[in-house]
Each structure stands twice: as structure tokens, then as C-alpha cells.
Amino acid sequence: MTNKAYYITTPIYYVNDVPHIGNAYTTIMADIVSRYHRLKGDDTYFLTGTDENAIKVAAAAADKGVAVAEYVDQLAEDFKKVWASLDIEYDDFIRTTEQRHVTVVREIFKRLLEQGDIFEGNYEGWYCVPCETFLADSELVDRKCPSCGRDVEWVEETNYYFKLSAYGDRLLAHIDANPDFLQPEFRKNEVVNFIKQGLRDVSITRDNKGWGIPVPEDESKVIYVWFDALINYISATGYLSDDERFKSIWPADLQLMGKDIFVRFHCTFWPAMLMALDLPLPRALFGHGFWTIDGEKISKSKGNAISPAALAEELSNESGATRGVCLDAVRYFLAREVPLGQDGDFSIKSFRNRFNSDLANDLGNLLNRTLSMLGKYFDGLLPDPKDFGGGLGDVISQTAISAQESCDKFEFTRALEAVWQMIGIGNKYVNDTQPWNLAKENKLDELAGALYSALEVARAAAIMISPFMPATAREIARQLGIADTFASLRWSDIATSRPFAVGTAIQGPDPIFPRLGSKRKEGTKMADRPPAPKEEKSQDQINYEYFSKLDIRIAEIMTAERIEGADKLLKLTVNLGDEQRQIVAGIAQNYDPDTLSGRKIVLLTNLEPAKIRGVVSNGMLLAATDENGGAVLLQPDADVSPGSNVK
Ligand code: ME8
């Protein structure tokens, strides 16, 4: 008996247009699940594909004046190209015009007809072409389709029906007995209500207008596109053609789709079809939410259907980061911003904010400064941390456990939050251990331990983010000097203690995420914007690494006196907690020295000493400038002790 693979599916998309960020969302989320399972060591099977036999597909081809067969071939290739450009690693791509699918659909039709689950009749009712849905009069809202709000057409045809009405009770019993079958929980109730209202038999044929899968022995009809399309999940995996293979894949572990096609098609029609075929039902059906763009529904006519690949391309041109990394930023945003299941809004502003704060600052900073100190203090060769005990091993293993729990429940936002919390702890750890001071004090063992430990966090983060951001994870691994073994690492390797060989030659730092400026205008459409030339990077920007070299602290003024012959300058002695300093400050225009004792100020402490009017100044007080050019002191908003860090 072969082990069953972890089987995950996306919907197969209509090829009436190229994919947009909505379709890409489902496929990227499925790719994340699939990569996560591979990372855990599971045998994984990830299926996606295209739904080609629809009336609206034939109509789109006619609109373009192209033969349908030629049109669908082209679009299927376009979909594959887009998925490749989004780093989607599927195992199989099924097209419903392929013979392997058509044969199985016709076989199933014959079998269900023979056993009485399909019967002949007449259909009189409505049909929504954009949704490819039969609708009863009672379902219309203002005479329009309840789902897309568009016009419906009246249909009177002899046809075949599927006996859906016979399966309501069994479906309810299955839902009740299998708590994880329908997810997220709040959508389950929608399904239960839909079924409890009473299921009507569904028409599963249309008159043959020259496109679609003909009904066996009745070529005047074609099989209704949803009956045909849902079967892709089993025709691709060997049903009726390779029993052993089929058993090693089916039932699906996760079938992921948007909420639009969850209740009626995937949670009612599809499981009923499987029951009729006596096949096990999928273990989980998950209906995720819908994205809007800047608050608006994604629509072709509005032209707001952002392409993630174009977005990544633009970002890469603007920032100089690699295309793969920019694409990862899009993948990260989609997974992080909104819990799977909830609706979300995509705005370029929030995307850029996350890029800067989570990627450039948090992740980039941890890696860059640790690697740069390793370069500076140990020539880029990983030192022996000896008996160093103050590391972050527990934080790493706890994070691996909680991120895994979240990923297992498809709670990606939570999983990423846990990883970023760990990165934050890593950054704080570097701030607190102050390796630069350990170096100054020649405490090399402690310094080696601190840097090694910070790199352990970076390595753990790289493994955990690899399903979400595969190119970034690989790049981090390269800079950590572990590119060769990285692909073979598994989730269980995250918490390995002392994972790096002493003497590993680290590479870089080679900042992965340059901080983005605020120059991109919000609301500009991707496609309309010519790529910015690479050299356009602003000269007056500094990166965080640079900024982090400034040692800014809160100090308390102890004494203040005028400096003779200089009407703007005061000589101050200040308390920095563990030391006292003398500084010269140009604040005499606005401040009487007698009023200053006890005031807290903000001080740049590591500016090189200077002599001003013969007085040594050991640091620079930071102040704002008022309209008259006078200095205005900055003050902490709450009571903080002298010596506290400012960043
Ligand atoms: O329905 N936000 O195909 P389809 C999030 N062929 N996801 C979105 C989205 C949005 N704004 N817009 C679309 C079909 N999607 C059928 C499926 S399966 C046997 C047959 C995603 O091309 C989401 O997954 O209309 C939705 O369910 C799917 O695209 C619809 O794709």
C-alpha cells in the first residue's frame, strides 16, 4: 500500500481572461500549503488547471474573433506562464478539454444515468452565463443574478437532471460528523442553511451549440460546465484510469476556493456527486474571502485587476531588489495582511508599508547588521560560540511549534506573526547584547556567541518563511553560507541547536529589501506606469543599518551655564545613567540656564568629540528649530530613565 499524498487543489479557472490578483491569491495560498507540507516531509500533490468548456469561454473567443480551440490553447499557456512567474510549484495542471478528463466525465455521466442518479426531463428557468448557474425564479434578486447582479437568460430545453434532492440528509449528516469538513467555521452555517432550505435536482446539460463535452449517446446536448469541471479533481488523479494512483491521492486533504463557489458548487453539488459515485469526500473544503482593490470590487471594466507579477516587476525596477524577492513581498503581503477566510482590501499604500516595516526593517535589519558585524569582527567566518549559553534556542523552538500549529489550521497571518515576533526578539537581543561594545571590550567569546545566536534566528526564520517567500529564503540561506544544504532542510530542522559549522563562510551582507521611498503615487495603476529606471534610487536615503549606528539616548541636565563670548551657547553637564558628560549646546537664545536643571533631553552620544569656543563637547543635543531659528528642546512623552535608548 502506498502512502497517501497530501492532496491540495485550487479551482480550475475559466479561461475567459488572463489571471488577476484574485485567482492568483487562491493559487498562491495553495502553493504555500503545498510547500509547507513538502517542508514537513509529506508527499504532496498540488493540482490546478483551467475550466475551458464554459459557454462564457466560447463567447470570449467569439468576441476576439478566434476559434475557441485555438483561444483556449493560448489562454491555458498564459495561465501556466503566469503561475510560473509567481513561483507556483504545482504537480499537475489539468485542462478540461484534455482527453483524460473528457473520457472520465462521459463515463461518470453514463454510470450515474444507469444507476438513476441522472434522469431525463425538461428545464424551464433562468441561466446566468457569467456565473454559469441555473437559477429558479425565486432565487433572482430584482430579476438579476443574485451572485453577480447581471442579467439572466430564460432557458427552455429538454435536458438531464442530477438527483441532488436525494442527498440533502446525507450531506447534513456528513457535515455534522466531520467538524473540519467545511472551513472556516462561519461559512459552514451558510452551507447548512442552504441545504436545509431543501435541495432541488440540478439540470446538468445544455443544448449543444458546438462547444463542451457531448452527452454520451445524445450529441444534441453538452454536459453542464459545473458537472464537468468539478470532476477535474478526480480525473486528474487517476479515477477510472489508474486505480492505484487514484487511491494514493484521493481523497483531497484540502480543496481551496473563493467564497463565490463554496456553498452551492463545492459544498453541496460536489460532495453529492461523490456520494453518488460511492467515493470518499474531501477531508476539508475551505472557502476563502474576496479581495477588493482600494476598496473596490475587482473588475475588468474598472481596469483595477492588479497583476501580482506586474506589481513585483515594478517594485523591482523601483527598488533594485530582485524580481523574486519583490514577488515574495507580494506573496507575503497576501498571506500576512488578511486571515484566510476573511475578505481583504489590497492597497498599494499598505503593501509598501509592510514592505518597509516587516521586510526591510525587521527581517532585513536582523540579517544585515549581524552579517556585517561578522564580516567586521571575524572576517566573515562563523566563529565558535564555545560554551555560550545566552542564546535564543527556546524562542526558536517555541516559535516553530506555534507557527506549525497555525499553518496546520491555515492561519497564515498568525504563523507569520509568530515568526516576526521571533525576528523582533532577535533584533532586541542584538540591541541588548550590544556586540559592538563586546568587540570594543575585546570580549570575543561573548561576541561570537551573540552573533552566532542572532544568525540562528535568521536561519530559523528562513526555513519558516520558505513556503511563503521561497526566493527570499534561498537568498538568506546563501548569505548565511548554507545554500548547499538549505533545500534539504525540513520543518523539524528549525530547532536544531548549533546548526552552523564553525568556520562557515558567510556571504554578504547584501541587503535583500531596500527601503522604499514614498515617491510612488498611490492609486497609480500597475499597467499604466512605466518602470522607473534603476539608478533613480534616492541619494539622500540611508538604510537602517546606517541609522542603527547612531547611539541616541535620553539624558538629564544636571548643570547649565553660559559660555563667555558666545550668546547662543550653553555648557551643560548631563547624566546618562551610568556616566556623566559635558556637552555644548546652542540653545541659549530660547533657554535660561537657571531653568534647565532636571530637564530630560535627547542626546546623540556617539558623535566624535569637538571643541567649541574652547569647550569640549561630548555629544550633541537634538532640538527642533523654531521659526526664528532658535532651538526647541525635545522631551520624552513619559518619564524614562537617563540612558534610555532612542531609536
Ligand atoms: O469559478 N478575491 O472560475 P473563476 C479572491 N471555473 N479570490 C478571487 C477573486 C477575488 N476578488 N476573484 C476570483 C470558476 N477569485 C470556475 C471554478 S472549479 C471546479 C471551477 C478566485 O475563473 C477564487 O478562488 O471564476 C474564486 O473562487 C475563483 O477565483 C473563481 O475563478
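Visitor: Residue-level account of unusual backbone geometry, with values.
Guide: Comment: phi is negative for the bulk of residues other than glycine, and the bulk of peptide bonds are trans. Gln 183 connects to Pro 184 through a cis peptide bond whose omega is -5°. On the secondary structure map, Pro 184 appears in the loop between β7 (182-183) and α6 (185-196). Backbone geometry at Arg 498 places phi at a positive 50°, although glycine is not the residue there. Along the polypeptide, Arg 498 turns up in the loop between α19 (483-486) and α20 (544-547).

Visitor: Can you lay out the site of the ligand for me, pointing to particular residues and giving the numbers?
Guide: Lining the immediate surroundings of the ligand are 24 residues, of which Ile 12, Thr 26, Asp 51, Asp 260 and Trp 291 lie closest. For the ligand, an oxygen atom lies 3.2 Å from a polar atom in the side chain of Asn 23. With respect to the ligand, the backbone of Trp 291 contributes an N or O atom lying 2.9 Å from a nitrogen atom. Within the complex, the protein chains bury 92% of what would otherwise be the 670 Å² of accessible surface of the ligand. Those elements that place two or more of their residues in the shell around the ligand are β1 (6-14), α1 (21-39), α7 (225-230), α8 (232-235) and β12 (254-258). Ranked by residues supplied to the shell around the ligand, first place goes to β1 with four residues. Split by residue class, the shell around the ligand holds 13 nonpolar, nine polar and two charged.

Visitor: Tell me about the layout of surface pockets, and name the residues and values.
Guide: Estimates place the volume of the second largest pocket at around 840 Å³. Along the wall of the second largest pocket there are 31 residues; nearest its centre are Trp 436, Ser 548, Lys 549, Asp 551 and Asn 606. For the lining of the second largest pocket, the secondary structure elements donating two or more residues are α13 (348-378), α16 (435-440), α20, β17 (552-563) and β26 (645-646). Considering each element in turn, the lining of the second largest pocket owes the most residues, six residues, to α13.

Rules of the game
- Residues numbered from 1 in each chain as written.
- Predicted model: local features only at pLDDT ≥ 70, side-chain atom pairs only at ≥ 80, totals over all residues.
- Heavy atoms only, no water.
- Helix = DSSP H or I, 4+ residues; strand = E, 2+ residues; numbered from the N terminus.
- Near = heavy atom within 4 Å.
- Polar contact = N/O pair within 3.5 Å; in protein donor to acceptor, adjacent residues only side chain to side chain.
- Areas by Shrake-Rupley, 256 points an atom, 1.4 Å probe, with all protein chains shown as cover.
- Nonpolar A, V, L, I, M, F, W, Y, C, P; charged D, E, K, R; others polar.
- 1 Å grid on protein atoms, 1.4 Å probe; cavity = no way out; pocket = protein on both sides within 12 Å on 5 of 7 lines; lining within 4 Å.
- Points joined across faces, edges and corners; volume = space filled by probe spheres on them.

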